[in-house]
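So the chains spell out like this:
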Amino acid sequence: MKAIRIPAPEFDLEKTLNSGQVFHWERLKSGFVGTIDERAVCVEQRGDTLRVAFGEAPALPEIVSRYFALDHSLPEICASFPQDAPMQAAREFCRGLRIIRQPKWECLATFICSSMKQVAHIRQISRNLRERFGEERKIDNWSVFAFPSAQRIARSSEAQLRACALGYRAKNLLATARLVTRGDVDLEQISTLPDEELRAVLCGLPGVGAKVANCVMLFAYERLRAFPIDVWIERVLREQYFRRKRKVTALRLRDFTQSYFGEHGGYAQQYLFHYARLKSGRDAALRRPRTAQGAVPTSDKRRPLR
DNA sequence: CTCCAGGGATGAT
DNA sequence: ATCATCCATGGA
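Residues numbered from 1 in each chain as written. Chains lettered and ligands numbered in written order. Predicted model: local features only at pLDDT ≥ 70, side-chain atom pairs only at ≥ 80, totals over all residues. Heavy atoms only, no water.

**Q** How should the side chain of arginine 130 be read in this particular structure?
**A** Locating arginine 130 in the fold gives a position in helix α6 (residues 119-133). Owing to a relative accessible area of 5%, arginine 130 belongs among the buried residues under this scheme. A distance of 3.4 Å separates a polar atom in the side chain of arginine 130 from a polar atom in the side chain of histidine 24. Excluding anything up to four places from it in sequence, arginine 130 contacts His24, Thr35, Glu106, Phe145, Ala146, Phe147 and Pro148. (Helix = DSSP H or I, 4+ residues; strand = E, 2+ residues; numbered from the N terminus. Buried < 20%, exposed > 50% of the residue type's maximum accessible area, 1.4 Å probe, protein only. Polar contact = N/O pair within 3.5 Å; in protein donor to acceptor, adjacent residues only side chain to side chain. Contact = heavy atoms within 4.5 Å.)

**Q** Please explain the layout of surface pockets as it appears in this structure.
**A** It is the rolling of a water-molecule-sized probe over the atoms that shows where space remains empty. One number sums up the size of the largest pocket: a volume of about 630 Å³. The wall of the largest pocket is formed by 26 residues, among which Lys117, Gln118, Asp230, Val231 and Trp232 lie closest to the centre. Within the residue set of the lining of the largest pocket, elements represented by two or more residues are α6, α11 (210-220), α12 (231-240) and α14 (265-280). Along the lines of polarity and charge, the residues of the lining of the largest pocket split into 13 nonpolar, six polar and seven charged. (1 Å grid on protein atoms, 1.4 Å probe; cavity = no way out; pocket = protein on both sides within 12 Å on 5 of 7 lines; lining within 4 Å. Points joined across faces, edges and corners; volume = space filled by probe spheres on them. Nonpolar A, V, L, I, M, F, W, Y, C, P; charged D, E, K, R; others polar.)

**Q** Explanation requested: the environment of isoleucine 153 in the structure shown.
**A** Position of isoleucine 153 relative to the elements: it lies in helix α7 (residues 150-154). For isoleucine 153, a relative accessible area of 0% gives the class buried. Expressed as a C-alpha distance, the spacing of isoleucine 153 and leucine 174, which sit 21 residues apart in the sequence, is 6.5 Å. Not counting the four nearest positions on each side in its chain, isoleucine 153 is found in contact with Trp105, Leu129, Phe133, Pro148, Leu161, Leu173, Leu174 and Ala177.

**Q** What is the right way to read the sheet that holds strand β4 (residues 39-46) from this model?
**A** Within a beta sheet, neighbouring strands are joined by backbone hydrogen bonds and run either parallel or antiparallel to one another. A sheet is described by the order of its strands in space; here five strands give the open sequence β1-β5-β4-β3-β2, paired in antiparallel fashion. Here the strands that pair on one side only, and so sit at the sheet edges, are β1 (4-7) and β2 (26-28). Strand-to-strand, the axes of this sheet are offset by a mean angle of 35°, without reference to chain direction. When β1 meets strand β5 (residues 49-54), the two strands line up antiparallel, connected through four bridges. (Pairing = 2+ DSSP bridges. Axes fitted to C-alpha atoms, helices over the stretch in contact; angles between N-to-C directions.)

**Q** Explain the packing of aromatic side chains to me, please; I cannot follow it from the model alone.
**A** Given two aromatic rings, their pairing is described by the distance between the two centres and the angle made by the two planes. In total, this model carries 17 aromatic pairs according to the counting rule given. Both rings, one in phenylalanine 11 and one in phenylalanine 68, keep their centres 5.5 Å apart while their planes meet at 50°; by these two values the pair is tilted. Here phenylalanine 11 is found in the loop between β1 and α1 (13-17), whereas its partner phenylalanine 68 is found in the loop between α2 (61-67) and α3 (74-79), with 57 residues between them in sequence. Phenylalanine 68 matches phenylalanine 11 in its accessibility class, with the two residues each being buried. A ring pair is formed by tyrosine 241 and phenylalanine 261, whose centres lie 5.6 Å apart and whose planes are at 85°; its orientation type is edge-to-face. Here tyrosine 241, found in the loop between α12 and α13 (250-260), pairs with phenylalanine 261, found in the loop between α13 and α14; they are 20 residues apart in sequence, far enough to count as distant. Owing to a relative accessible area of 0%, phenylalanine 261 belongs among the buried residues under this scheme. One Lys or Arg, lysine 104, reaches over the ring of tyrosine 221 and ends 5.3 Å from the middle of that ring. Here the guanidinium or amino end of arginine 235 rests over the ring plane of tryptophan 232, the centre of that ring lying 4.9 Å away. (Phe/Tyr/Trp six-rings, centres within 6.5 Å; stacked < 30°, edge-to-face > 60°. Lys NZ or Arg CZ within 6 Å of the ring centre and 35° of its normal.)

**Q** Hey, could you run me through the protein's contact with DNA strand C in this one?
**A** As a matter of local geometry, DNA strand C sits amid 18 residues, with Met116, Gln118, Gly207, Val231 and Trp232 nearest to it. Taking all atoms of DNA strand C within 4 Å of the protein, the share assigned to sugar and phosphate is 59%. The separation between a phosphate oxygen of DNA strand C and a polar main-chain atom of glycine 209 is 3.1 Å. Between a phosphate oxygen of DNA strand C and a main-chain N or O atom of valine 212, the distance comes to 2.9 Å. When residues of the surface near DNA strand C are traced back to their parent elements, those giving at least two are α11 and α12. (Near = heavy atom within 4 Å.)

**Q** Can you walk me through the packing of α12 against α13 in this structure?
**A** One way to put it is that α12 packs onto α13 with a least axis distance of 12 Å and a crossing angle of 85°. Judged by the inter-axis angle, α12 sits roughly perpendicular to α13. Between α12 and α13, the contacting residues are Glu234, Leu237 and Arg238 on the first element and Leu253, Phe256 and Thr257 on the second. (Parallel < 35°, antiparallel > 145°, perpendicular 65-115°, else oblique.)

So this is what it looks like as structure tokens:
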């Protein structure tokens, strides 16, 4: 397998892939294996360089640098953060963490599945959907699966989706997949809309509320102002920015985040989120390096879903 | 406004 | 081995 080298200064691959924005990359040896769109990719960081191997597809460095947003100027983004103590700590802790550019349907579908789930569950669901409905791609002597298209999901049944551990989210994912397949919503076309209108369209989809819409805007539509508020961030906001204030409503929090964190609020959110989550140390899997589970040797038979 | 389905990994007992 | 905990959306 031939690897190409891509310069990647101010980048931390592990932090980026383990910060709760993307859920399908698996540890493999000293790097990660996953997919970028339809392509199987192995990526490993050595200092300021990425060593990248593609599966059967031709090796295209620009696909990798675009996906990992290596063109984002982290010094400029970090300089735009508010200068307060929690932000300083998060900024130092998250050095090199980037908001990546995810495929739109893959991101939307995954975050519909994320509601009321923790990171470990979301990873499980993503893997189940890929193994059950996605196309297999070989790389090295491993197998990975592309995320299934909206068309493929739309052709499945709610029961099949439930078998992927989606629970009540199955109905929402199926309904949204059908809307996208029918062309009622064009995920590419809406990328030209201003933030508020884009958010409104996304929130019109089943299973998409304000939080999921903001995640999709941030991770798939390059809306770096979008500030998803989940329980982790809400905890940080209340403790760090509204200490000993009573009756802080959701609306108040939303207004505060939009005005206070500025044009790269989504980055600020991601840094605060990742810092809070790892510091609290609840998700042990993040700190204990593990070997790949989803990527199976091609000699093995596919495992049955649990 | 309140209440709660829903489900599987995870840590505690 | 069982038990409690985590959690965003939508509908009653």
